[in-house]
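Structure assessment
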Amino acid sequence: MATDQQQQAAKREIVMSGIRPTGFLHLGNYFGAIRNYVKMQEEFECYFMVADLHSLTTHPDTKELRSNVERVLAENIACGLDPDKVALYCQSHVPETAELYLYLNMMAYKGELEKTTTFKDKVRQHPENINAGLLTYPVLQAADIILHRAKYVPVGKDQEQHLEMARNFVNRFNHRYGDVFPEPQAFNYNLELIKVPGLDGKGKMSKSENQMATLYLSDDDDLIRKKIMKAKTDSGPTAPGTPKPDYIENIFALMKLVSAEEVIKKYEADYDNCIIRYGDLKKQLAEDMVLFLSPIREKINTILPDKKYLKQVMEQGAEKANKSAGATMNLVREAMGLKYF
Ligand code: TRP
């Protein structure tokens, strides 16, 4: 007899997402994505994949691929993703991906692929390398997702078009060969769409040109302090009721992520009373940020050199992903009439 817990586990809905191995995750990635993965791992059957094959569409030089893959694994684990709870794996370790990608390519039309926003952007950025893999990037992504018959895909707004395309491929497949795949949909814990602004007052934190505006999970304590102390401020409000300029609003927004409520209240009150000292505000934020980020960084730094552990994580992830992919591909081949014996 299965225990209640096993029955619960058997019924869990399936979640899949891909993480590009670009390395060096930042605070925006943490609050925007990873923290949701960590929460989802308790509630869903999760497949989290390092999209190493996708990176070949724009980065054919693989010299740094291995270290980028290892870093992304280490950083996600350091943030709380548990390889025992989820399938944390590399795309290239699941060869069925390529098979499903091939079948889906027969259902993807040149016109719709050429219209994809990310394709058009990349054509502009890399006019010297407009390859077929770039054109069919959304097909590969759809294969990643439906290979596990996933229902939910935790991704940001920039991936919505790819998901819509995945749904179109699913519908065409199901219509032609019979119901095999659920329609995948974007997933967000929409209660908390958190803003993680950069330190330069210019929009959100990103792997931007301005490294000083972005706090990376692997920044050391002094660099965190330095970046925060450099954030733009002014001489402070002189009349009560003055609205906060964007760059001050941003400092408070960052504080809300890592500081205690009383601390934030104190500085809000100081602002309202026009006695706020921005130097102190930034020092406080810097210390709270160091307390938040340093344990993550230390974990990253212990995981990264442990090649044996990383190999074991990859093997364990590949095993789970292969099992799920194998079961799906049996259904696919059967549905498509490709099982001759
Ligand atoms: N295209 C996604 C990105 O740029 C990465 C990705 C690859 C992905 N395969 C996926 C995301 C499957 C969700 C599901 O971030």
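About the criteria used
- Along each chain, numbering runs from 1 in the same order as the chain's sequence is written.
- Only residues with pLDDT of at least 70 are given local features in this predicted model, and only at 80 or more are side-chain atom pairs given and counted; all residues enter the totals for whole chains, interfaces and linings.
- No hydrogens and no water enter the side-chain calculation; it runs on all heavy atoms of the structure.
- Where helices and strands are cited, they refer to DSSP runs of H or I of at least four residues and of E of at least two residues respectively, numbered from the N terminus.
- In these tables, accessible area is a Shrake-Rupley quantity obtained with a 1.4 Å probe, and a residue counts as shielded only by the protein chains included in the view.
- We count Lys and Arg on the positive side and Asp and Glu on the negative side, and we leave His and both chain ends out.
- By convention, the charge on Lys lies at NZ, on Arg at CZ, on Asp at CG and on Glu at CD.
- Patches here are clusters of residues that have more than 30% relative accessible area and form no salt bridge, with a 9 Å joining cutoff for like charges and a 5 Å cutoff for nonpolar side chains (Val, Leu, Ile, Met, Phe, Trp, Tyr).
- Any carboxyl oxygen of Asp or Glu within 4 Å of a side-chain nitrogen of Lys or Arg constitutes a salt bridge here.
- The buried label applies to any residue whose accessible area, calculated with a 1.4 Å probe on protein chains only, is under 20% of its type's maximum; exposed applies above 50%, and partly exposed to all values in between.
- It suffices for a single heavy atom of a residue to lie within 4 Å of a molecule or strand for the residue to be listed as near it.
- In protein, a polar contact requires one atom able to donate a hydrogen and another able to accept it; more generally it is a pair of N or O atoms within 3.5 Å, and residues adjacent in sequence count only if both atoms are side-chain atoms.
- Amino acids outside the nonpolar list (Ala, Val, Leu, Ile, Met, Phe, Trp, Tyr, Cys, Pro) and the charged list (Asp, Glu, Lys, Arg) are all regarded as polar, and Gly is one of them.
- Only the stretch in contact is used when fitting a helix axis, every axis being a line fitted to C-alpha atoms; angles between N-to-C directions are given from 0 to 180 degrees.
- Orientation labels follow simple angle bins: below 35 degrees gives roughly parallel, above 145 gives roughly antiparallel, 65 to 115 gives roughly perpendicular, and whatever is left gives oblique.
- Crossings are assigned a handedness: left-handed for a near helix turned anticlockwise from the far helix by less than a right angle, right-handed for a clockwise turn.
- By definition, residues are in contact when any of their heavy atoms lie within 4.5 Å.
- For two strands to pair, DSSP has to find at least two bridges joining them.
- Here the term right-handed applies to a crossover when the path leading from its first strand over the helix to its second strand runs clockwise, the strands being oriented away from the viewer.
- The arc in question is the one spanned by the directions pointing from the helix axis to the C-beta atoms.
- Put simply, two rings from Phe, Tyr or Trp (the six-membered ring, in Trp's case) pair if the centres are within 6.5 Å, and we call them stacked under 30 degrees between planes, edge-to-face over 60, tilted for the rest.
- Cation placement over rings: the criterion is NZ of Lys or CZ of Arg within 6 Å of the ring centroid and within 35° of the ring normal.
- Annotation comment: domain bounds sourced from an automatic or database domain assignment.
- What gets called buried area is simply the loss in accessible area from a 1.4 Å probe that two parts show on being joined, summed for both.

Before going further, it helps to spend a moment on the overall build of the protein. Along the backbone of the protein there are 15 helices and 5 strands. Seen through its principal axes, the protein has C-alpha atoms that stretch 80 × 55 × 40 Å. Summed over its atoms, the accessible surface of the protein is roughly 17,500 Å², and 53% of this surface lies on carbon and sulfur atoms. Charge separation in the protein, taken as the distance between the mean sites of 45 positive and 47 negative side-chain charges, equals 2 Å.

The next subject is a nonpolar patch on the surface. On the surface, L338, Y340 and F341 cluster together to form a nonpolar patch covering roughly 470 Å² of accessible area. Within the element layout of this structure, Y340 appears in the segment after α15 (307–336). A relative accessible area of 68% places Y340 in the exposed class.

What follows covers the site of the ligand. Around the ligand lies a shell of 14 residues, among which R20, Y137, Q141, D144 and Q159 are the nearest. In the environment of the ligand, an oxygen atom lies 2.9 Å from a nitrogen or oxygen atom belonging to the side chain of R20. Contributions of two or more residues to the shell around the ligand are made by β1 (14–19) and α9 (137–146). Element by element, the count of residues in the shell around the ligand is highest for α9, at 4 residues. Here the shell around the ligand is built from residues that sort into 7 nonpolar, 5 polar and 2 charged.

Turning next to the packing of helix α13 (residues 261–272) against helix α14 (residues 278–303). The interhelical angle for the contact between α13 and α14, taken along N-to-C directions, is 165°, at an axis separation of 11 Å. What the angle tells us is that α13 and α14 run roughly antiparallel. Seen from above, α13 lies across α14 with left-handed handedness. Across the interface between the two elements, V263, Y267 and Y271 from α13 touch Y278, D280, L281, Q284 and D288 from α14.

Quick look at the pairing of strand β2 (residues 45–50) now. Where burial is concerned, most of β2 is hidden: 5 out of the 6 residues are buried. Of the pairings in the sheet, the one linking β1 to β2 comprises 6 bridges and is parallel in character. Each residue of the ladder has a partner; that of V15, found in β2, is C46. Crossover handedness for the path β1 to helix α2 (residues 27–43) to β2: right-handed. With 4 bridges joining them, β2 and strand β3 (residues 87–90) adopt parallel strand pairing. Paired with F48 across the bridge in β3 is L88.

Every α-helical turn comprises 3.6 residues, leaving residues that sit three or four positions apart pointing alike. What helix α11 (residues 221–229) keeps buried is the set I224, K227 and I228. With its buried residues spanning 95° around the axis, α11 presents them on a single face. Where α11 is buried, its residues meet α14.

Right, let's get into the packing of aromatic side chains. Each pair of aromatic rings is reported with the distance of its centres and the angle of its planes. Scanning all chains against the criterion turns up 10 aromatic pairs. In textbook terms, an aromatic cluster arises when at least three aromatic residues are bridged by ring pairs, as seen for F44, Y152, F187 and Y189. If you follow K39 out to its NZ or CZ, it ends over the ring of Y189, 4.0 Å from the centre. For K122, the ring lying beneath its charged end belongs to Y137, and the centroid distance is 3.9 Å.

The subject of this paragraph is the domain arrangement of the protein. Domain boundaries in the protein define domain 1 (4–187 + 306–336) and domain 2 (211–300). Centre-to-centre separation of domain 1 and domain 2, based on C-alpha positions: 35 Å. Interface area, domain 1 with domain 2, both sides summed: about 1,100 Å², of which 80% is carbon and sulfur. Summed over the shared surface of domain 1 and domain 2, the result is 0 salt bridges. At the boundary of domain 1 and domain 2, one finds 2 residue pairs in polar contact (both at pLDDT 80 or more). Looking at the side of domain 1 that touches domain 2 element by element, the count peaks at 4 residues for helix α4 (residues 65–78). Split into classes, the residues belonging to the side of domain 1 that touches domain 2 amount to 8 nonpolar, 1 polar and 2 charged.

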